[in-house]
Amino acid sequence: MQVRDRVCVVTGGASGIGRALARRFAADGARAVVVVDRDAKGAEAVAGSVGGVGMQADVAREDDIRRVIDDVETRCGPIDLFCSNAGILVVGGPEVPNDDWQRIWDINVMAHVLAARHLVPRMLARGGGYLLQTASAAGLLSQVGSAPYAVTKHAAVAFAEWLAITYGDRGLTVSVLCPQAVRTAMTDGIPGGGVAGIDGMLEPDLVADAVIEGLAAERFLILPHPEVAEYVRRKGEDVERWLRGMRRLQARFG
Ligand SMILES: NC(=O)c1ccc[n+]([C@@H]2O[C@H](COP(=O)([O-])OP(=O)(O)OC[C@H]3O[C@@H](n4cnc5c(N)ncnc54)[C@H](O)[C@@H]3O)[C@@H](O)[C@H]2O)c1
């Protein structure tokens, strides 16, 4: 898929990866770029800078997602590409309070489910559409220091796989974006990106380049850090060895 002349929506578009995607889609000639964020001012600022439309929404709230999809389709036309990108990081393990587990689950997983619930039927009815879901390399491997992030990003990858399997022959195209460390507000204050930065911190613009290339190829797995493919292969080959390697990272970074 080329974004030229397409109606593109990006959640979490006020900052970081989402902002870079919005800018890149506009530069590549998208017909409409809709910047969605719970930060209304940030969404308006990014939208204003690219001639797009800003919308305030909490992606974890079903009413907000439904409203965004309705409003975009009324104002801009059918959504061609919906990038479910907003996400948060919660550090810790089983001791993390239930409310925080629930919050990260709602944002990192249910937001993708809600967007699919309200958009996929419309896309199927008109013969197709594209969903890009931002997960993380943590959704394929793990996240030293954060069980809630590792778990929710695995769930996000699993949901994207399920959508691709279930609707791939009915016109729906799905990609899942799985970077390691990217220089954004999320990694601000973590020197070198921590363990996720072992292969280098990417600037958000480079992630946007990888997305454009992945969308053009309609590739399910978009890996801005190519090393991740090799790590996934090694994990599949020998999980015991992979766990030993991860424990070494835990000892270094945990
Ligand atoms: N930065 C990294 O190293 C990295 C690596 C892998 C994956 N990711 C993923 O990339 C995505 C974007 O993260 P980023 O690094 O650009 O972070 P960021 O903090 O710069 O941007 C996230 C944006 O999402 C918005 N947001 C958060 N919760 C929201 C909600 N409930 N409703 C609406 N908007 C909400 C925030 O306001 C913010 O503008 C996330 O899903 C993150 O998990 C980031």
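Counting restarts for each chain, with residues numbered from 1 along the sequence as it is written. This being a predicted model, a pLDDT of at least 70 is required before a residue's local features are given, and a value of 80 or more before pairs of side-chain atoms are given or counted; all residues contribute to the totals for chains, interfaces and linings. With hydrogens and water excluded, all non-hydrogen atoms of the structure serve as input to the side-chain values.

Undergrad: So, the overall build of the chain: which residues are in play, and what are the values?
TA: Comment: elements are numbered from the N terminus, with helices defined as DSSP H or I runs of at least four residues and strands as E runs of at least two. Of regular secondary structure, the chain possesses 8 helices and 7 strands. Taken over the C-alpha trace, the chain has a radius of gyration of 17 Å; the compact-globule value for 254 residues is 18 Å, and the two agree within 12%. Across its three principal axes, the chain shows a C-alpha extent of roughly 50 × 40 × 35 Å. For every residue, the accessible area obtained with a 1.4 Å probe (protein chains only) is divided by the maximum for its type, and the residue is called buried under 20%, exposed over 50%, and partly exposed between those limits. Here the chain holds 254 residues, and 53% of them are scored as buried. Here the Shrake-Rupley method, with its probe set to 1.4 Å, supplies the accessible areas, and only the displayed protein chains count as covering residues. Per element, the accessible surface of the chain, about 11500 Å² overall, is 51% carbon and sulfur. Note on charges: Lys and Arg go in the positive column, Asp and Glu in the negative column, and His and the chain ends are not counted at all. The atoms used to mark charge sites are NZ of Lys, CZ of Arg, CG of Asp and CD of Glu. Here the chain carries 28 positive and 31 negative side-chain charges, and the mean point of each set is 1 Å from the other. We take the radius of gyration over the C-alpha atoms and set the globule estimate at 2.2 Å times the residue count to the 0.38 power.

Undergrad: Before we move on, can you summarise the pairing of strand 5 (residues 129-134) with the specific residues and values?
TA: Counting buried positions along strand 5 gives 6 out of 6 residues, so the element sits mostly inside the fold. Residues Gly129, Leu131 and Gln133 line one face of strand 5 and the alternating positions Tyr130, Leu132 and Thr134 line the opposite face, and both faces are buried. Two strands pair under a simple rule: DSSP has to find at least two bridges between them. Pairing of strand 4 (residues 81-84) with strand 5, which is carried by 4 bridges, proceeds in the parallel orientation. Its bridge partner being in strand 5, Leu81 is matched across the sheet by Tyr130. A crossover connection joins strand 4 to the parallel strand 5 through helix 4 (residues 98-125); in handedness this β-α-β unit is right-handed. Orienting the strands away from the viewer, one traces the path from the first strand over the helix to the second; a clockwise path indicates a right-handed crossover.

Undergrad: How would you summarise the pattern of salt bridges if you had to cite specific residues and measurements?
TA: Salt bridges are counted wherever a side-chain nitrogen of Lys or Arg sits within 4 Å of a carboxyl oxygen of Asp or Glu. Per the stated rule, a full pass over the model turns up 17 salt bridges. Here Asp64 ties to Arg61 by a salt bridge, and the two come within 3.7 Å at their closest N and O atoms. Salt bridges sharing common partners tie together Glu230, Arg233, Arg234, Glu237 and Arg241.

Undergrad: I'd like a description of the packing of aromatic side chains, backed by residues and values.
TA: Any pair of Phe, Tyr and Trp rings, taking the six-membered ring for Trp, is counted once the centres come within 6.5 Å. Such a pair is stacked with planes under 30 degrees apart, edge-to-face with planes over 60 apart, and tilted for the rest. By the definition in use, this model includes 2 aromatic pairs. Ring centres of Phe159 and Trp162 lie 6.5 Å apart, and the angle between their planes is 5°; this geometry places the pair in the stacked category. In this pair, Phe159 and Trp162 both sit in helix 5 (residues 147-167), 3 residues apart, roughly one turn of the helix. Consider the rings of Trp162 and Tyr167, whose centres lie 5.9 Å apart with planes at 85°: the pair is edge-to-face. Of the aromatic side chains, those joined through ring pairs into one cluster are Phe159, Trp162 and Tyr167. Should the NZ of a Lys or the CZ of an Arg lie within 6 Å of a ring centre and within 35 degrees of the ring normal, that charge is described as sitting over the ring. Over the face of the ring belonging to Trp242 we find Lys235, whose NZ or CZ atom lies 4.5 Å from the ring centre.

Undergrad: Before we move on, can you summarise the environment of Arg247 with the specific residues and values?
TA: On the secondary structure map, Arg247 appears in helix 8 (residues 239-253). For Arg247, a relative accessible area of 54% gives the class exposed.

Undergrad: Please set out the site of the ligand residue by residue, giving values where relevant.
TA: Around the ligand, a shell composed of 28 residues is seen, among which Ser15, Asp37, Tyr149, Val182 and Thr184 lie nearest. Residues adjacent in sequence count toward polar contacts only when both atoms are side-chain atoms; beyond that, a polar contact is any pair of N or O atoms within 3.5 Å, and within protein one must be able to donate a hydrogen and the other to accept it. The separation between a nitrogen atom of the ligand and a polar main-chain atom of Ala57 is 3.5 Å. Side-chain polar atom of Thr184 to an oxygen atom of the ligand: 2.6 Å apart, as the coordinates give it. Isolated, the ligand exposes 830 Å² of accessible area, and the fraction of that covered by the protein chains is 93%. Elements with a minimum of two residues in the shell around the ligand: helix 1 (16-27) and helix 5. Here a residue counts as near a molecule or strand whenever at least one of its heavy atoms sits within 4 Å of it.

Undergrad: Lay out the packing of helix 1 against helix 2 (residues 40-50) in plain terms, naming residues and giving numbers.
TA: Between helix 1 and helix 2, the shortest axis-to-axis distance is 9 Å and the interhelical angle comes to 20°. It follows from the interaxial angle that helix 1 and helix 2 lie roughly parallel. Helix 2 is crossed by helix 1, and the crossing has right-handed handedness. Residues Arg19, Ala22, Arg23 and Ala26 of helix 1 lie in contact with helix 2, whose contacting residues are Val46, Ser49 and Val50. Basically, the charged four are Asp, Glu, Lys and Arg, the nonpolar ten are Ala, Val, Leu, Ile, Met, Phe, Trp, Tyr, Cys and Pro, and anything else, Gly included, counts as polar. By residue class, the composition of the contact of helix 1 with helix 2 is 4 nonpolar, 1 polar and 2 charged. The angle between two axes is taken between their N-to-C directions and runs from 0 to 180 degrees, where each axis is a line fitted to C-alpha atoms and a helix contributes only its stretch in contact. Here roughly perpendicular refers to angles of 65 to 115 degrees, roughly parallel to angles under 35, roughly antiparallel to angles over 145, and oblique to all remaining angles. Handedness of each helix crossing follows the sense of rotation of the near helix against the far helix: counterclockwise by less than a right angle gives left-handed, clockwise gives right-handed. What makes two residues a contact is simply this: any of their non-hydrogen atoms within 4.5 Å.

Undergrad: Give a detailed account of helix 3 (residues 62-75), specifying residues and quantitative values.
TA: Here helix 3 contains 14 residues, and its C-alpha end-to-end distance of 20 Å stays within 8% of the 20 Å for a straight helix at 1.5 Å per residue. Among all positions of helix 3, only Asp64, Ile65, Val68, Ile69, Val72 and Glu73 are buried. Down the axis, helix 3 shows its buried residues gathered within 155° of arc, on one side only. Exposed residues on helix 3 whose side chains face more than 90 degrees from its buried face are Thr74 and Arg75. Among the structural elements, strand 1 (7-11), strand 2 (32-37), strand 3 (53-56), strand 4 and helix 4 are those in contact with the buried residues of helix 3. Positive phi shows up at Gly77, right after helix 3, with a value of about 105°. To estimate how far a helix should extend, the number of its residues minus one is multiplied by 1.5 Å. Here, the arc refers to the directions that run from the helix axis to the C-beta atoms.

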